[in-house]
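Descriptive structure summary
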Amino acid sequence: MSKTIAILATLDTKGDECVYLRDEIERMGARALLIDIGVVGDAAIPCDISNAEVAAKGGTDLSAMRDNPSRETASEVMVRGATDIMLGLIADKKVDGIISLGGTQGTNNCCQVMQALPYGFAKVMLSTMASGDTAGFVGIKDITMMYSVSDILGLNPFFRRILSNAAGAVVGMANAAIEIE
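These lines cover the structure that appears in this document, whether it is placed above or below. (Residues numbered from 1 in each chain as written. Predicted model: local features only at pLDDT ≥ 70, side-chain atom pairs only at ≥ 80, totals over all residues. Heavy atoms only, no water.)

What follows concerns the overall build of the protein. Looking only at helices and strands, the protein features seven helices and five strands. Moving toward the C terminus, one meets the helices and strands of the protein in the order β-α-β-α-α-α-β-α-β-α-β-α. Each of the three principal axes of the protein carries a C-alpha extent, and together these read 45 × 40 × 35 Å. Evaluated residue by residue, the protein yields a buried proportion of 48% over its 181 residues. When contacts within the protein are restricted to residue pairs at least 6 apart in sequence, long-range pairs at least 24 apart make up 63% of them. Accessible area of the protein: about 8,700 Å², with a carbon and sulfur share of 52%. Charged side chains in the protein number 15 positive and 22 negative. The centres of these two groups are separated by 4 Å. (Helix = DSSP H or I, 4+ residues; strand = E, 2+ residues; numbered from the N terminus. Buried < 20%, exposed > 50% of the residue type's maximum accessible area, 1.4 Å probe, protein only. Contact = heavy atoms within 4.5 Å. Areas by Shrake-Rupley, 256 points an atom, 1.4 Å probe, with all protein chains shown as cover. Lys, Arg positive; Asp, Glu negative; His and termini not counted. Charge placed at Lys NZ, Arg CZ, Asp CG, Glu CD.)

A few words on the nonpolar core. Formed by 34 residues in total, the largest nonpolar core has its most connected members in Ile 35 and Met 86. Contributions of two or more residues to this core are made by strand S1 (4-9), strand S2 (31-36), helix H2 (51-57), helix H3 (62-67), helix H4 (71-91), helix H5 (104-115) and helix H6 (135-138). It is H4 that provides the largest number of residues to this core, a total of nine residues. Non-local contacts of Met 86, meaning those with residues more than four positions away in its chain, are made with Ala 6, Ile 35, Val 95, Ile 98, Val 113, Leu 117 and Phe 121. Residues Ala 32, Ala 122, Met 146 and Ala 166 belong to the second largest nonpolar core, which totals 25 residues. (Core = buried A, V, L, I, M, F, W, Y, C linked by side-chain atoms within 4.5 Å.)

Put into structure tokens, the structure is as follows:
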């Protein structure tokens, strides 16, 4: 049975990268589910779960956050909403892994979501922050950190390979034969 991998990202700034990542996940035989946690702009690509849906699950209307922008408030709302969505998808057995890509803020937010997910659930964070001390992002959870080597600012042959490797990692982890009940 085909596995489903959630891609958690700010789709207003990481659209091209997420399209490539989605295509690689699907090329490897899994399904991708795009979840937008961006607040500043609208998604550059179609997504499965919009930033407005994530914000609503987090307890705030997206337009209210845009009217009175605060990075601290937006992060808290979007992390809470994305966590709730992911836990629901896991409970309903609709998703088998999660991958995210980001810089400092994206890594912080996405890793907070991943820390709330069960042990053994496939979690990959592709990040510019993965080359140093990642303890603050990983905590005591089984989050796999993968260094992006370069800023996540567009596609080139090198970054396409990095995205493909990350897709392979999360699909492989989701396809692991041992199930945790």
